[in-house]
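Now for the letters of each chain:
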Amino acid sequence: MTDQGAHGFDTGTTGITGSAGTAAGTERLTTRETAALLGVKPETVYAYVSRGQLSSVRAPGGRGSTFDADEVRVLARRTGRREPLPAGGADLVFRTGITLIDQDRYYYRGVDAGELALRHGYEEVAEWLWTGELRPGVRFSAPAQALAAARRAVEALPAHSGTTDRLRVAVIAAAAADPLRFDLSPASVLDAARGMIPTLVGALRPAADGPDGPVTGSGAAPGDGPDGAGRAGTGPDPADPDPTDPGIAARLWPALTPRPADAASLAVLDTALALLIDHDLAASTLAVRVAASAHAHPYAVVSAGLGALEGPLHGAASGLAHRMLREVVERGGAAPVVADHLRAGRRVPGLGHRLYQGEDPRARVLFTLLEGVPEAASALAAAHDVVSTAARHVPLHANVDLALAVLSVSAGMPAEAGETVFAVARTGGWIAHALEEYAERPLRLRPRGQYTGPPPPQAMPAPATPPASGSGSTHAR
């Protein structure tokens, strides 16, 4: 345990007024009081001193330092008070005004996210998260040059490439087509975001194409719509309402399934996109914040999020739920499928969430909407069967992956459809987090490693001995 007193850290708790060496009547705070007022650790207080953001005076008796209370309050107003770390300090915690998860509900900027998603479409919610302005009917359009570059790049990928591969390549191509991508002013970042999301959707191949099928031209790709010149020219404002533009959900649907979209199913997809925009600091969102802290441009920020999303413990969860649910439908019941998972020591996909004790509120909203889709009846019944069957073993509730699986199975979508929906939706949230992080102190997300290697000094490593001639590796049989 570090002795803070030995390093000049004051362990007292009483403010000092009119102390020796200070003007009478000047309120002075101890290190601990200053840290509490700023919501930081005592070490961070001295980091502020070293950066010239705070001045300190040695406390009477030479133990610790004191700080001008007015100066501390000014700094607190300027930086915003940070909440203290939880007990144990094991989690990385920092400020965000985007999403709050509390008591099995979650909120976007204080508004119930489920209710918001039921009343407003994806673009409307994204625009409101970014700007604080609710613009009914707002539509995003893809800049022509960025969309063309993204499609060319995606077409060059191997036929077996997955949707996430295509999205990652598309965002890189769109970045290369945007000469203003390094402008991190809010207006420029918003302009990029409004063009980026429809560009990603427009770069996806229609689901009607097989892996070796023809590459569609600009007239049939799922992202086609009234695209403007955007940043490259003098086209329409990409955030202006356009009654001829069906919106992101309608553009995305043909990339997910060859079946035509009915109004009820399209409403489920649009609501799912809005529900999935953000969910506090998931792994991909944390990657986004780190990239934004280094002032990476918004396309690079989204690339960081897509990279983390591709991990099997993050984005792939919806695909596992899809495959399980399809098997339940085919076998006519959940009991044998759940039994197979438990026998193999595998968790049952689509159940449980570390942030909710009860049912995932996102799943609850989607299940309610799916009840109005006749084609989803069998898949929805299968999902409820999974929950009730698994509850005999462990009381877990449905999460959003299971609800997405109901949509994807009933609409004839592939297993990766849920991950695609997740990636497109979360791009809006990643931009919101990037905007927040750009306003913070640069490179603040730079933790220190706890070295666990051999203690120095160590001997220089010796060259590896080459294997004897004629010897080779053997395999255990």
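To start, this report covers the structure provided alongside it. (Residues numbered from 1 in each chain as written. Predicted model: local features only at pLDDT ≥ 70, side-chain atom pairs only at ≥ 80, totals over all residues. Heavy atoms only, no water.)

### Regarding the overall build of the protein chain
The number of helices and strands found in the protein chain is 18 helices and 7 strands. Burial status across the protein chain gives 46% buried among its 477 residues. When the accessible surface of the protein chain is totalled, it reaches about 23,300 Å², and 55% of it is carbon and sulfur. (Helix = DSSP H or I, 4+ residues; strand = E, 2+ residues; numbered from the N terminus. Buried < 20%, exposed > 50% of the residue type's maximum accessible area, 1.4 Å probe, protein only. Areas by Shrake-Rupley, 256 points an atom, 1.4 Å probe, with all protein chains shown as cover.)

### Some remarks on the pattern of salt bridges
Counting across every chain of the model gives 13 salt bridges. Between Arg 73 and Asp 70 there is a salt bridge; the shortest N-O distance is 3.3 Å. A residue pair is termed a helical-turn pair when its members lie 3 or 4 positions apart in one helix, as Arg 73 and Asp 70 do in helix H3 (residues 69-79) at 3 residues. Its relative accessible area of 32% is what places Arg 73 among the partly exposed residues. One salt bridge connects Arg 95 with Glu 440, and the closest N-O pair in it is separated by 2.9 Å. Placement of Arg 95 in the loop between H3 and strand S5 (99-102) and of Glu 440 in the segment after helix H18 (417-438) is noted, with a sequence separation of 345 residues between them. (Salt bridge = Lys/Arg side-chain N within 4 Å of Asp/Glu carboxyl O.)

### Overview of the nonpolar core
Formed by 104 residues in total, the largest nonpolar core has its most connected members in Trp 130, Leu 273 and Phe 367. Here this core gets 12 residues from one element, more than from any other, and that element is H18. Phe 67, Ala 69, Leu 75 and Ala 76 belong to the second largest nonpolar core, which has 12 residues in total. (Core = buried A, V, L, I, M, F, W, Y, C linked by side-chain atoms within 4.5 Å.)

### Structural notes on the side chain of Arg 426
Relative to the assigned elements, Arg 426 resides in helix H18. Of the side chains bearing the opposite charge, Asp 278 lies closest to the buried Arg 426, which forms no salt bridge; the N-O distance is 5.0 Å. Setting aside anything within four residues of it in sequence, one finds Arg 426 in contact with Leu 276, Ile 277, Asp 278, His 279, Ala 282, Thr 285 and Arg 362. (Lys, Arg positive; Asp, Glu negative; His and termini not counted. Contact = heavy atoms within 4.5 Å.)

### As for the sheet that holds S5
Sheet strands pair by backbone hydrogen bonding; their relative direction is either parallel or antiparallel. The 3 strands lie next to each other as S5-S6-S7, forming an open sheet whose pairing is antiparallel. The open sheet has two free edges, formed respectively by S5 and strand S7 (111-112), since each of these has just one partner strand. The sheet contact formed by strand S6 (residues 105-108) and S7 spans 2 bridges and is antiparallel. By the bridge assignment for S7, Tyr 107 is matched with Asp 112. (Pairing = 2+ DSSP bridges.)

### Quick word on helix H1 (residues 31-38)
When we look at burial in H1, the residues that qualify are Thr 31, Thr 34, Ala 35 and Leu 38. With its buried residues spanning 100° around the axis, H1 presents them on a single face. Remark: Gly 39 follows H1 within two positions and exhibits a positive phi of approximately 75°. (Arc of directions from axis to C-beta.)

### Quick notes on the packing of helix H12 (residues 298-309) against H18
Remark: H12 packs on H18, axes separated minimally by 9 Å, with the N-to-C direction vectors making an angle of 130°. Relative to H18, the element H12 is oriented oblique. Judged by the sense of rotation from one axis to the other, the crossing of H12 with H18 is right-handed. Contact with H12, carried on its side by Pro 298, Val 301, Val 302, Gly 305, Leu 306 and Leu 309, involves Glu 419, Phe 422, Ala 423, Thr 427, Trp 430, Ile 431, Ala 434 and Tyr 438 of H18 and no other residues of that element. Tallied by class, the residues present in the contact of H12 with H18 amount to 11 nonpolar, 2 polar and 1 charged. (Axes fitted to C-alpha atoms, helices over the stretch in contact; angles between N-to-C directions. Parallel < 35°, antiparallel > 145°, perpendicular 65-115°, else oblique. Left-handed = near helix turned anticlockwise from the far one by under 90°. Nonpolar A, V, L, I, M, F, W, Y, C, P; charged D, E, K, R; others polar.)

### Quick notes on the environment of Ala 425
With respect to the helices and strands, the residue Ala 425 is situated in helix H18. Taking the C-alpha atoms as reference, Ala 425 lies 9.0 Å from Ala 126; in sequence the two are 299 residues apart. Apart from residues lying up to four places away in sequence, Ala 425 is in contact with Tyr 122, Leu 273, Leu 276 and Ile 277.

### Concerning the side chain of Ser 265
Mapped onto the elements, Ser 265 comes out in helix H10 (residues 263-275). Given the relative accessible area of 8%, Ser 265 is considered buried. A distance of 2.8 Å separates a polar atom in the side chain of Ser 265 from a polar atom in the side chain of Asp 262. (Polar contact = N/O pair within 3.5 Å; in protein donor to acceptor, adjacent residues only side chain to side chain.)

### Things to note about the packing of aromatic side chains
Scanning all chains against the criterion turns up 3 aromatic pairs. Ring centres of Tyr 46 and Phe 67 lie 6.0 Å apart, and the angle between their planes is 75°; on these two criteria the pair is classed as edge-to-face. Here Tyr 46, found in helix H2 (residues 42-50), pairs with Phe 67, found in strand S4 (residues 65-68); they are 21 residues apart in sequence, far enough to count as distant. Judged by its relative accessible area of 0%, Phe 67 is buried. For the ring pair Trp 130 and Phe 140, a centre distance of 5.4 Å and an interplane angle of 15° mean the geometry is stacked. You can see Trp 130 sitting in helix H5 (residues 122-131) and its partner Phe 140 sitting in the loop between H5 and helix H6 (144-155), a full 10 residues away along the chain. The exposure class assigned to Trp 130 is buried, which follows from its relative accessible area of 9%. Taking relative accessible area as the criterion, Phe 140 reaches 1% and is therefore assigned buried. (Phe/Tyr/Trp six-rings, centres within 6.5 Å; stacked < 30°, edge-to-face > 60°.)

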